[in-house]
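Structural description and commentary
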Amino acid sequence: MQYFSLDYERNKQKRKIFERYVEGLSDISAVDFMPEIKGSFHTRWLTTLTIDPRKTIIRPRDVITRIAKNNIEARPVWKPLHLQPMFENNAYFEEAGDNSKYLFAYGLCLPSDTNMSEEDVDRVILLFRELLPARRFTA
């Protein structure tokens, strides 16, 4: 029972971090957070989002580089197997487009360690916002 209690508390912390990111960045039209399916409970183990290439020239790699200069790590979402050198010549199946390729190109995982303070999360939000000022977005 102790394990469940600790896991539940960590999930609450992860969700709190995610909600703080949403609060700090959701007004940026090019940013879309991973939605929670109705009737489900997402652990928010990772804070993932996409940056819409139709609304800004900024890409996830730009955000990763910007915050790395402040000794903060963010990452792209996982690279699909069919894009990795070992598998690049193998057949793969797609349905209605290559969604995994899109997510890799425009997806971003923000730091979400449960040891992060609110100030740590706010710092990431500030650095992100400095890179993506509202005037760079289309309506």
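Quick look at the structure, then. (Residues numbered from 1 in each chain as written. Predicted model: local features only at pLDDT ≥ 70, side-chain atom pairs only at ≥ 80, totals over all residues. Heavy atoms only, no water.)

1. Focus on the packing of helix α2 (residues 60-68) against helix α4 (residues 118-131)
- The interhelical angle for the contact between α2 and α4, taken along N-to-C directions, is 125 degrees, at an axis separation of 10 Å. With respect to α4, the element α2 is oriented oblique. The way α2 lies across α4 gives a crossing that is right-handed. The residues of α4 that touch α2, namely those facing D62, V63, R66 and I67, are L127, F128, E130 and L131.
- Partitioned by chemical class, the residues of the contact of α2 with α4 number 5 nonpolar, no polar and 3 charged. (Axes fitted to C-alpha atoms, helices over the stretch in contact; angles between N-to-C directions. Helix = DSSP H or I, 4+ residues; strand = E, 2+ residues; numbered from the N terminus. Parallel < 35°, antiparallel > 145°, perpendicular 65-115°, else oblique. Left-handed = near helix turned anticlockwise from the far one by under 90°. Contact = heavy atoms within 4.5 Å. Nonpolar A, V, L, I, M, F, W, Y, C, P; charged D, E, K, R; others polar.)

2. Description of the packing of aromatic side chains
- Here the structure, examined in full by the defined rule, presents 2 aromatic pairs.
- For the pair F18 and F33, a centre-to-centre distance of 5.6 Å together with 85 degrees between the ring planes defines the contact as edge-to-face. In this pair, F18 is assigned in helix α1 (residues 2-25) and F33 in strand β1 (residues 31-33), connecting sequence segments 15 residues apart.
- Assessed through its relative accessible area of 16%, F33 is described here as buried.
- Between Y102 and Y106, the aromatic rings sit 4.9 Å apart at their centres with planes inclined by 45 degrees, giving tilted as the arrangement. A residue pair is termed a helical-turn pair when its members lie 3 or 4 positions apart in one helix, as Y102 and Y106 do in helix α3 (residues 99-106) at 4 residues.
- Directly above the aromatic system of W45 lies the positively charged group of K14, at a separation of 4.7 Å from the ring centroid. (Phe/Tyr/Trp six-rings, centres within 6.5 Å; stacked < 30°, edge-to-face > 60°. Buried < 20%, exposed > 50% of the residue type's maximum accessible area, 1.4 Å probe, protein only. Lys NZ or Arg CZ within 6 Å of the ring centre and 35° of its normal.)

3. What to know about the side chain of D98
- Note on placement: D98 falls in the loop between β3 (75-76) and α3.
- Sequence-distant contacts of D98, defined by excluding residues within four places in its chain, comprise H82 and Y92.

4. Observations concerning unusual backbone geometry
- Of note, the phi angle at R44 is positive, near 60 degrees, even though the residue is not glycine.
- With respect to the secondary-structure elements, R44 resides in the loop between β1 and β2 (47-51).
- Although it is not a glycine, N71 sits at a positive phi angle of roughly 60 degrees.
- By the element assignment, N71 lies in the loop between α2 and β3.
- The exposure class assigned to N71 is exposed, which follows from its relative accessible area of 76%.

5. Overview of the sheet that holds β1
- The strand order across the open sheet built from 4 strands is β1-β2-β4-β3, with neighbouring strands paired in antiparallel fashion. Of all the strands in the sheet, the pair left with one neighbour each is β1 and β3.
- Each of β2, β3 and β4 (107-110) is contacted by α2, which is oriented at about 25 degrees to β4, the strand it contacts most. (Pairing = 2+ DSSP bridges.)

6. Re the environment of R59
- The residue R59 is located in the loop between β2 and α2 in this model.
- For the pair R59 and Y106, spaced 47 residues apart in the sequence, the C-alpha separation amounts to 6.5 Å.
- Beyond its immediate stretch of four places on either side in the chain, R59 contacts I51, P53 and Y106.

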